[in-house]
Amino acid sequence: MFILYAHICVFINLLQIKQFNLCSVLQVPLRAEEITIPADVTPERVPTHIVDYSEAEQTEEQLYQEISKANVICIVYSVNNKKSIEKVTSHWIPLINDRTDKDSRVPLILVGNKSDLVEHSSMETILPIMNQYQDIETCVECSAKNLKNISELFYYAQKAVLHPTGPLYCPEEKELKPSCIKALTRIFKISDLDNDGILNDNELNFFQRTCFNTPLAPQALEDVKNVVRRNMTDGVKDNGLTLKGFLFLHTLFIQRGRHETTWTVLRRFGYDDDLELTQEYLFPLIKVPPDCTTELNHNAYLFLQSVFDKHDKDRDCALSPEEVKDLFKVFPYMPWGPDVNNTVCTNENGWITYQGYLSQWTLTTYLDVQRSLEYLGYLGYSIIYEQESQAAAITVTRNKRIDLQKKQTQRSVFRCNVLGARGSGKSGFLQAFLGRNLQRQRRIREDHKSYYAISTTYVYGQEKYLLLHEAMPDFDFLSEADLACDVVCLVYDVNNPRSFEYCAKVYKQCLIDSKTPCVVIAAKSDLHEVRQHYSLSPHDFCRKHKLHPPQPFTCNTTEAPSKDIYTRLTTMAMYPHARLRCMCSCNRCTYCLCQNLLKLELLRSVKAQLCRVVYNRHMAQADLKNSTFWLRASLGATVFAVLGFAMYRALLKQR
């Protein structure tokens, strides 16, 4: 719970020293003692510390100290003394302004004391002063003698601290300030769950529950809309509240002295007193231990899916540039640059697809979780999903060493660093992962180039994200981040005789003692392969260091390049402890023959028949105890094994 201690300094002009003080109805000395009003007796439930000042007893230095500690200052004048009123502008306000920063001015309240001595009001004289000085929150006429408006005075003093008018409203123009309009517009767009430009009854009730923990009755909703209808023509549309109507309501709240309503809404959506989103809201605390990664959880993906559906107005499963701009209107800046379109999958128009959209969010969360938290904060994740903070959207994976020990992982994002000499084909390898052949890659502008590519692959039926990162080719500047990953790709150009030497040096100096799986990619395999100027050929080098043979790859195809190599990379990243005997499709080696055997239709039918026998729904419980059942099951398993071995021998002999 947030508790604000309001120091209210009460300044009394020398002309009124011997009159009744606001802190007591009895005759008082020149300066009243400090008084604390307990929190439980105030409407806002905030303890209030009242400090009196007297020019006759105290020095200016003591006055300056109190000003520096004050949250709100009440300047007291006598309603029946013109000189007292003049001193407000000639002495007190300039003195206070000189002792406070321009950007952090203390709110002021003008207090007209001794209202019991006159029958007229001093407001006509005070209003020009209030219009001249924006720091003045309000003016209260009171009487310490008969206690008129004394409690109201301290209520407004507390209100000036907790719910200041200055940041919200311009009294001269009688309208909301631009910063307030900007904040309320973001709140409106977040609350507009279907992005149709109006808040329907369900959305208004959701907004009401979010901010005030209670829904509005149907009649109350109609009353609110009727108020807007009576005052403006375009405030209500299709029986829903438009943005103009939403802003008008808050203007009306402030004009009627209920600006605490607007402040409650603003603070619920993460704003501070300067109408800026707080650091605590945008960057909630999240601990990421070493060797752990960060991923979005299921609820976060559901939220992002709803945001995508909300802005995909043409329902083409892709975001056009206009739709992307509309999505990020709740951001203070555009978070995605043109390089994003070359980082994730796009459609034929170059627009980010649904899969590409989720991939970019996955990439941001993996590389920079704080930025991902910030973005989710702008979109209102914690508000829409009623979570304490955006940190609830993040899953911190367990240490990779534990995954290696247990030989299994729950991670869904795996990183592959792509290393190679300049011109070896690394960029083409990244772009081919996004389904782009060489012809499409040539259209990419140099300043729109991305060093990352991320998309999904399927490993044993599970959807996983593979993140490719192209490391800088300067060998001497390879950092730990360039080498810290789940799998490494060493890319060389089969048509360049000096290309493989770089891969060999990187492996021998940085990767030879590493437990990270490593794959050599023979890029541009559609070109003529030349002999590499290295002591060992790529095949001999891989054989010597117990690596898989170089994998041929080319993106010079008429259709989208094959993604088989990327699936294999993801598999190696998921199971680094497993040694895959083959990564080819030669149909000659034992691995390929076994794979083909497992895919045979005859073998699948035999397996299905056996499963049907075991799980036959008509089988009674007593049959399970029958010895003939187990005899049949054993015989079936034996036939299955013999048949499979015979087929394997036959295929092997044929090859």
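Residues numbered from 1 in each chain as written. Predicted model: local features only at pLDDT ≥ 70, side-chain atom pairs only at ≥ 80, totals over all residues. Heavy atoms only, no water.

The chain has the name Mitochondrial Rho GTPase in an unreviewed UniProt entry, where Fundulus heteroclitus is given as its organism. Quoted verbatim from the Function (unreviewed entry) heading of the UniProt record, the comment on the chain is "Atypical mitochondrial nucleoside-triphosphatase (NTPase) involved in mitochondrial trafficking. Probably involved in control of anterograde transport of mitochondria and their subcellular distribution. Can hydrolyze GTP, ATP and UTP." Recorded under Sequence similarities (unreviewed entry), the UniProt text for the chain is reproduced unchanged: "Belongs to the mitochondrial Rho GTPase family." (UniProt positions renumbered as here; feature names shortened; annotations may be inferred.)

Roughly 800 Å³ of volume is contained in the second largest pocket. Along the wall of the second largest pocket there are 33 residues; nearest its centre are Asp 291, Lys 400, Ala 484, Cys 485 and Asp 486. Where the lining of the second largest pocket is concerned, the elements lending two or more residues are α13 (354–367), α16 (400–406), β16 (413–420), α19 (480–483) and α22 (564–574). Counting residues per element, the lining of the second largest pocket draws most heavily on α16, which supplies 4 residues. (1 Å grid on protein atoms, 1.4 Å probe; cavity = no way out; pocket = protein on both sides within 12 Å on 5 of 7 lines; lining within 4 Å. Points joined across faces, edges and corners; volume = space filled by probe spheres on them. Helix = DSSP H or I, 4+ residues; strand = E, 2+ residues; numbered from the N terminus.)

Moving on, we come to the pairing of strand β18 (residues 462–470). Judged by how many residues are buried, β18 sits mostly within the fold: 7 of 9 residues are covered. In this structure, β16 lies alongside β18, joined through 6 bridges in parallel fashion. In the sheet register, Val 413 faces β18, and the bridge partner there is Tyr 465. In this antiparallel pair of consecutive strands, strand β17 (residues 452–459) and β18, the connection spans 2 residues, and Tyr 460 shows a positive phi of 50°. (Buried < 20%, exposed > 50% of the residue type's maximum accessible area, 1.4 Å probe, protein only. Pairing = 2+ DSSP bridges.)

Right, let's talk about the sheet that holds strand β20 (residues 518–523) for a bit. Across the sheet, which stays open at both edges, the 6 strands sit in the order β17-β18-β16-β19-β20-β21 with mixed pairing between neighbours. In this open sheet, the two edge strands, each paired with only one partner strand, are β17 and β21 (551–553). Direction aside, neighbouring strands of the sheet carry axes that sit 30° apart on average. Here β16 runs beside strand β19 (residues 487–493); their pairing, made up of 5 bridges, is parallel. Bridged to Leu 419 within β19 is Leu 490. Those strands touched by α22 are β16, β17, β18, β19, β20 and β21, and its axis lies near 80° from that of β17. (Axes fitted to C-alpha atoms, helices over the stretch in contact; angles between N-to-C directions. Contact = heavy atoms within 4.5 Å.)

What follows covers the UniProt feature "domain: EF-hand" (unreviewed entry) in the chain. UniProt tags residues 299–334 as "domain: EF-hand" (unreviewed entry). A distance of 24 Å separates the end C-alpha atoms of residues 299–334, which is 56% helix and 6% strand.

If you walk across this open sheet you meet the 3 strands as β9-β11-β10, and the pairing is antiparallel. What marks the edges here is a single partner per strand, and that holds for β9 (198–199) and β10 (236–237). Pairing between β9 and strand β11 (residues 240–242): 2 bridges, direction antiparallel. Following the sheet pairing, Leu 199 is matched in β11 by Leu 241.

A few words now on the pattern of salt bridges. This model, assessed by the stated rule, comprises 17 salt bridges. The closest approach of N and O atoms between Asp 326 and Lys 189, which form a salt bridge, is 3.5 Å. Residue Asp 326 is found in helix α12 (residues 321–327), and its partner Lys 189 is found in helix α5 (residues 178–191); the two are separated by 137 residues along the sequence. The exposure class of Lys 189 is buried, given its relative accessible area of 17%. For Glu 222, the salt bridge goes to Lys 225, with nearest N and O atoms at 3.2 Å. Of this pair, Glu 222 and Lys 225 both sit in helix α7 (residues 218–231), 3 residues apart, which is roughly one turn of the helix. Since its relative accessible area comes to 0%, Lys 225 is described here as buried. (Salt bridge = Lys/Arg side-chain N within 4 Å of Asp/Glu carboxyl O.)

A few words on the side chain of Ser 191. Summarising the element assignment, Ser 191 is placed in helix α5. Those residues in contact with Ser 191, other than ones at most four positions away along the chain, are Leu 199, Glu 203, Phe 207 and Phe 269.

Attention now goes to the packing of aromatic side chains. Using the criterion set out here, one finds 27 aromatic pairs in the structure. Relative to Tyr 575, the ring of Tyr 460 lies with its centre 6.1 Å away and its plane at 50°, an arrangement referred to as tilted. Placement of Tyr 460 in the loop between β17 and β18 and of Tyr 575 in the loop between α22 and α23 (590–598) is noted, with a sequence separation of 115 residues between them. With a centroid separation of 5.4 Å and 80° between ring planes, the pair formed by Phe 500 and Phe 541 is classed as edge-to-face. With a gap of 41 residues between them, Phe 500 in helix α20 (residues 499–511) and Phe 541 in helix α21 (residues 538–544) connect regions that are remote in the sequence. We note that Phe 500, like Phe 541, is buried. Pairwise contacts between aromatic rings join Phe 308, Phe 328, Phe 331, Tyr 333, Trp 336, Tyr 354, Tyr 357, Trp 361, Tyr 375 and Tyr 378 into one cluster. Of note, Arg 99 hangs over the ring of Tyr 64, and the distance from its end group to the ring centre comes to 3.6 Å. (Phe/Tyr/Trp six-rings, centres within 6.5 Å; stacked < 30°, edge-to-face > 60°. Lys NZ or Arg CZ within 6 Å of the ring centre and 35° of its normal.)

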